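A closer look at the structure
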Amino acid sequence: MNVHPLPPSALKGEGMTSQRARDRLAVKLKEEGIRDQRVIDVIRNTPRHHFIDQALHSRAYENTALPIGHGQTISQPWVVARMTEALLEFGTPQKVLEIGTGSGYQAVVLAQVVPQVFTVERIEELLRQARRRFRQLGLANIRSRHDDGKLGWADEAPFDAIILTAAGDAIPHAVLDQLSPTGVLVAPVGSPSNQTLIRMRGDGQGDFIQEELAAVSFVPLLGGIG
Ligand code: SAH
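The following paragraphs examine the structure supplied in this document. (Residues numbered from 1 in each chain as written. Predicted model: local features only at pLDDT ≥ 70, side-chain atom pairs only at ≥ 80, totals over all residues. Heavy atoms only, no water.)

1. With respect to the packing of aromatic side chains
Any pair of aromatic rings gets described here by the distance separating the centres and the angle formed by the planes. Spelled out, the test is: Only Phe, Tyr and Trp rings take part, Trp by its six-membered ring, and two of them pair if their centres are within 6.5 Å. Stacked means planes under 30 degrees apart, edge-to-face means over 60, and tilted covers everything else. The way it works is that DSSP assigns letters per residue, a run of H or I at least four long becomes a helix, a run of E at least two long becomes a strand, and they are numbered from the N terminus. Here the term buried applies to any residue with accessible area under 20% of the maximum for its type, exposed to any over 50%, and partly exposed to those in between, with areas from a 1.4 Å probe on protein chains only. Charge-over-ring placement is defined geometrically: NZ (Lys) or CZ (Arg) within 6 Å of the ring centre, and within 35 degrees of the ring normal.
Evaluated as defined, the whole model comprises 3 aromatic pairs. Centroid distance F51 to Y105: 5.4 Å. Interplanar angle 75°. Geometry classified as edge-to-face. Of this pair, F51 sits in the loop between α2 (37–44) and β1 (66–69) while Y105 sits in helix α4 (residues 105–111), and the two are 54 residues apart along the sequence. Assessed through its relative accessible area of 1%, F51 is described here as buried. Given a relative accessible area of 1%, Y105 falls into the buried group. Summarising the aromatic geometry, the rings of F118 and F159 are spaced 5.7 Å apart at their centres and angled 65° between planes, so their arrangement reads as edge-to-face. In this pair, F118 sits in strand β4 (residues 116–121) while F159 sits in strand β6 (residues 159–164), placing the two residues 41 residues apart along the sequence. You'll find F118 and F159 in the same group, each marked buried. Pairwise contacts between aromatic rings join F118, W153 and F159 into one cluster. Here the basic side chain of R48 rests over the ring of Y105, its NZ or CZ set 5.7 Å away from the ring centre.

Below you can see the structure in the form of structure tokens.
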């Protein structure tokens, strides 16, 4: 079920930004192992070209990460799909925290399948652009904050799910503390040359079940604000 559909006008596009280009991407994600039909449908209905510079529009629906300025990237669609699917697998979380808003694409994908998204970005200019996209797409269920995401978003904790879209050596303690006792966290962990996407699930007793989901390549989780 698509909880918050985007307005049809958001999907206008021609040639490489057309619905056909999005449909082809959806087929590719399925071929590459994405199983959750909600996630595939949302990616098929999200105009990724709105999240990148015009000069890159022709590549918007390729299954690759692309630069968004400030040395950062919009994640590869397969990775966005896999992380979203991993967060939804045990039921739909009500409140989700994202660390690393970047272009806002992952937040917009999430906001179409869960009730509330909270997202934190350390680079003010990226956050400003992402907020403009949230408004243009009419998504009122995303709240965003300019801060060091290593601190999480204490005032809004606990979260049923947390997603980090930048990689550190470990999950910051403050962030883990803000996960509900049975919550799910998905994050890349490791060094730039050797990163793994992990999922942690609270067992309700204060312990976590940890799984490795895939090898990935994310920009680093930095400290402080930019
Ligand atoms: N989810 C994004 C991916 C952006 S790349 C998207 O869909 O486009 C990761 C982002 O994490 C970058 O914008 C980077 O500035 C941000 N980031 C890195 N360390 C951070 C931190 N400590 N707090 C908040 N954001 C951080």
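2. Remarks on the packing of helix α1 (residues 19–31) against α2
Keep this limit in mind: Throughout, an axis means a line fitted to C-alpha atoms (over the contacting stretch in the case of helices), and angles, computed between N-to-C directions, take values from 0 to 180 degrees. In this scheme, roughly parallel covers angles under 35 degrees and roughly antiparallel covers those over 145, while 65 to 115 is roughly perpendicular and the rest are oblique. Crossing handedness follows the turn of the near helix against the far one: under a right angle anticlockwise gives a left-handed crossing, and clockwise gives a right-handed one. The contact criterion used is simple: two residues touch if any of their non-hydrogen atoms lie within 4.5 Å. When residues are sorted by character, Ala, Val, Leu, Ile, Met, Phe, Trp, Tyr, Cys and Pro go into the nonpolar class, Asp, Glu, Lys and Arg into the charged class, and all the rest, Gly among them, into the polar class.
Remark: α1 packs on α2, axes separated minimally by 8 Å, with the N-to-C direction vectors making an angle of 155°. By the angle between their axes, α1 is roughly antiparallel relative to α2. Our pair here, α1 against α2, has a crossing hand that is right-handed. Residues Q19, R22, D23, L25, A26, L29 and K30 of α1 form the contact with α2, whose own contacting residues are Q37, I40, I43 and R44. The class makeup of the residues in the contact of α1 with α2 is 5 nonpolar, 2 polar and 4 charged.

3. Points about the pattern of salt bridges
Formally: Any carboxyl oxygen of Asp or Glu that lies within 4 Å of a side-chain nitrogen of Lys or Arg is treated as forming a salt bridge with it.
One pass over the full model with this rule turns up 11 salt bridges. The partner of E125 in a salt bridge is R128, with the nearest N and O atoms 3.0 Å apart. Within this pair, E125 and its partner R128 are both found in helix α5 (residues 124–136), separated by 3 residues, close to a single helical turn. Where D147 meets R145, a salt bridge forms, and the shortest distance between an N and an O atom there is 3.1 Å. Looking at D147, the relative accessible area reads 16%, which means it is buried. Within this structure, D23, D41 and R44 form a network of salt bridges that share partners.

4. What about the environment of G202?
Considering the arrangement of structural elements, one finds G202 in strand β8 (residues 194–202). Residues G202 and D160 lie 42 residues apart in sequence; the distance between their C-alpha atoms is 9.9 Å. Residues within four places of G202 in sequence aside, it is in contact with P181, T182, G183, D207 and F208.

5. Structural notes on the environment of T17
Looking at the secondary structure, you find T17 in the segment before α1. Along the primary structure T17 and K150 are separated by 133 residues, whereas in three dimensions their C-alpha atoms are 35 Å apart.

6. Describing the sheet that holds strand β7 (residues 179–191)
As a general point, the strands of a sheet are linked pairwise by backbone hydrogen bonds and lie either parallel or antiparallel. This is how it is decided: Paired strands, in this sense, are two strands between which DSSP finds at least two bridges.
One open sheet holds the 7 strands; their spatial order is β5-β4-β3-β6-β7-β8-β9, and the pairing between them is mixed. Whereas interior strands pair on both sides, the edge strands pair on one side only; in this sheet they are β5 (142–146) and β9 (208–216). Taken pair by pair, the neighbouring strands of this sheet meet at an average axis angle of 15°, ignoring direction. As paired strands, β7 and β8 are joined by 8 bridges and run antiparallel to one another. Paired with V184 across the bridge in β8 is R201. Along the sheet face, helix α3 (residues 77–88) touches β3 (95–99), β6, β7, β8 and β9 and points at about 155° away from the line of β7.

7. Regarding the packing of α2 against α3
Between two packed helices, both the angle of their axes relative to each other and the distance between the axes serve to describe the pair. At their nearest, the axes of α2 and α3 sit 9 Å apart, and the two run at 140° to each other. Accordingly, the angle class assigned to the pair α2 and α3 is oblique. As for how α2 packs across α3, the hand of that crossing is right-handed. Facing α2, whose interface residues are R38, V39 and I43, α3 presents P77, V80, A81, T84, E85 and L88. The residue makeup of the contact of α2 with α3, split by class, is 6 nonpolar, 1 polar and 2 charged.

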